[in-house]
Amino acid sequence: MERMDKTLEILERLIAFPSISSESNRDLIDWIAAYLEPYGARCQITSDTDGKANIFATIGPDVDGGLILSGHTDVVPVAGQDWSADPFTMREEGGLLYGRGTCDMKGFIAAALALAPEFAAADLARPVHYAFTYDEEIGCLGARVLVDEMVKAGLKPSAAIIGEPTSMRIIEGHKGCCEYTTEFTGVEGHSSLPDLGVNALEYATRYVSKLMEIRQDLPARAPEGSRFDPPHTTLQICELHSGVAHNVIPNKAAVGWEMRPIQQSDRDYVRERIESFTRDVLLPEMKAKNPVANIEEIFASEVAGLEPDPDSEAVAIVRALTGGNETEVVSFGTEAGLFQQGGVSAVICGPGSIEQAHKPDEYVSRDQLAACLEMLGRVAGQLH
Ligand SMILES: [Zn+2]
């Protein structure tokens, strides 16, 4: 069967699984495992306590190196969106394939799976690995587990292509996304007797001021020639909740803040400075007034960025596969940074445009899938 026909057949099947993040994707993962089995793939399924699952499947010899083809199997919800037809029934019109996840990012997964018979038939010197995850859209939860397991198992693939929709452009970097909520617990009291209470809101504002002070250091920390926009790590305070009335000392305050690090060292720098200020200054002052006072991080979600690497093996491989030379950086996050942290060189290149992602009537074009199949069709040759 033609590569494209096979891709469309698989894509239609994948779209029919309504694998919205937070719902179980287990039937989809089991379907992929059953599909890969006849091609001699060795499948590792890892799952969370809710039954959501990743699959890591290998075709080719059991040796280090090789290439990971990576994608997330979850899709964003369709609730409240105005679709022209059932989002989970793929339909084609004018060379465009519509359905939730066609672009982000089951199109890439279908193309990668369609090549399995060719990978199996080729005499590969190094393996092809499929890494398909759950819950990317809600914080890359599945990829954290998958990369951990991969490292624990001693697997050392040399590069990963993350097939997020980039219109097949080669993306070598993106910022990370770190979100935090810090909660201050004080002691309430009448405003006329401030010494008897601990004003959580006032401590929260000092914390906020400190973050704003730390942020002033960030522009100077950006490496020269940084192509990010803006070129440095950013940090913002986005929420401050506290207080009930003018005459009541607030006993609770919560600060929501986020940063978008261009490099892991910036993330570490900000964290260390704000943590030492909290530990050495704010907390002792609060506890001296009343030992029940406290500062606690009640929410933290950190998705690693992908740091551009001039010696990236993944970028070199995708350049060879596509014949493209240009690389870019983007502002959306992916699982690529997690692979990079796991010691695997990573690059993002996949069919479809991010502009179609997450929207009603999401689509990927046949042309984009054809370009992706052309790239993947050269993988076996690269791993000879
Ligand atoms: Zn995606």
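Residues numbered from 1 in each chain as written. Predicted model: local features only at pLDDT ≥ 70, side-chain atom pairs only at ≥ 80, totals over all residues. Heavy atoms only, no water.

By the naming in an unreviewed UniProt entry, the protein chain goes by Acetylornithine deacetylase and is assigned to Neptunicoccus cionae.

S.K.: It is not clear to me how the overall build of the protein chain should be interpreted in this structure. Could you clarify?
M.R.: What the protein chain contains, in helices and strands, is twelve helices and 17 strands. Once the C-alpha set of the protein chain is aligned to its principal axes, its extents read approximately 80 × 45 × 35 Å. When the 384 residues of the protein chain are sorted by exposure, 51% land in the buried category. Sequence separation of 24 or more characterises 80% of the internal contacts of the protein chain that already satisfy a separation of 6 or more. Total accessible area on the protein chain stands at roughly 16,800 Å², and carbon and sulfur atoms take up 49% of it. Taking the 32 positively charged and 59 negatively charged side chains of the protein chain as two groups, their mean positions are separated by 3 Å. (Helix = DSSP H or I, 4+ residues; strand = E, 2+ residues; numbered from the N terminus. Buried < 20%, exposed > 50% of the residue type's maximum accessible area, 1.4 Å probe, protein only. Contact = heavy atoms within 4.5 Å. Areas by Shrake-Rupley, 256 points an atom, 1.4 Å probe, with all protein chains shown as cover. Lys, Arg positive; Asp, Glu negative; His and termini not counted. Charge placed at Lys NZ, Arg CZ, Asp CG, Glu CD.)

S.K.: How should I be thinking about the UniProt feature "domain: Peptidase M20 dimerisation" (unreviewed entry) in the protein chain in this particular structure?
M.R.: On the UniProt side, "domain: Peptidase M20 dimerisation" (unreviewed entry) is annotated at positions that read residues 173-281 here. Split by type, residues 173-281 is 35% helix and 30% strand. Its first and last C-alpha atoms lie 37 Å apart. (UniProt positions renumbered as here; feature names shortened; annotations may be inferred.)

S.K.: How should I be thinking about helix α6 (residues 200-215) in this particular structure?
M.R.: Spacing of three or four residues puts side chains on the same side of an α-helix, whose turn is 3.6 residues. Spanning 16 residues, α6 covers 23 Å between terminal C-alpha atoms, matching the ideal 22 Å at 1.5 Å per step. Looking at the packing, one finds that the buried side of α6 touches β9 (177-185), α7 (218-221), β11 (234-242), β13 (252-260) and α8 (264-289). (Expected span 1.5 Å × (residues − 1).)

S.K.: I would appreciate a short explanation of the side chain of Glu258 in the present structure.
M.R.: Note that Glu258 resides in strand β13. For Glu258, a relative accessible area of 10% translates into the label buried. Here the side chain of Glu258 touches Arg260 through a polar contact of 2.8 Å, side chain to side chain. In contact with Glu258, not counting residues within four places along its chain, are Cys178, Glu179, Thr234, Leu235, Gln236 and Cys238. (Polar contact = N/O pair within 3.5 Å; in protein donor to acceptor, adjacent residues only side chain to side chain.)

S.K.: What is the right way to look at the pattern of salt bridges in this model?
M.R.: Pairing of side chains with opposite charge becomes possible as their charged atoms draw close. All chains considered together, the criterion is met by 22 salt bridges. A salt bridge links Glu118 to Arg3; the nearest nitrogen and oxygen atoms lie 2.7 Å apart. Remark: Arg3 occurs in helix α1 (residues 3-15) and Glu118 occurs in helix α4 (residues 116-121); sequence separation between them is 115 residues. You can call Glu118 partly exposed: its relative accessible area is 31%. For Asp361, the salt bridge is made with Arg91, and the minimal N-O distance between the two is 3.6 Å. With a gap of 270 residues between them, Asp361 in the loop between β16 (345-348) and β17 (363-365) and Arg91 in strand β4 (residues 91-93) connect regions that are remote in the sequence. What emerges from the salt-bridge pattern is a single network uniting Lys210, Glu213, Asp217 and Arg273. (Salt bridge = Lys/Arg side-chain N within 4 Å of Asp/Glu carboxyl O.)

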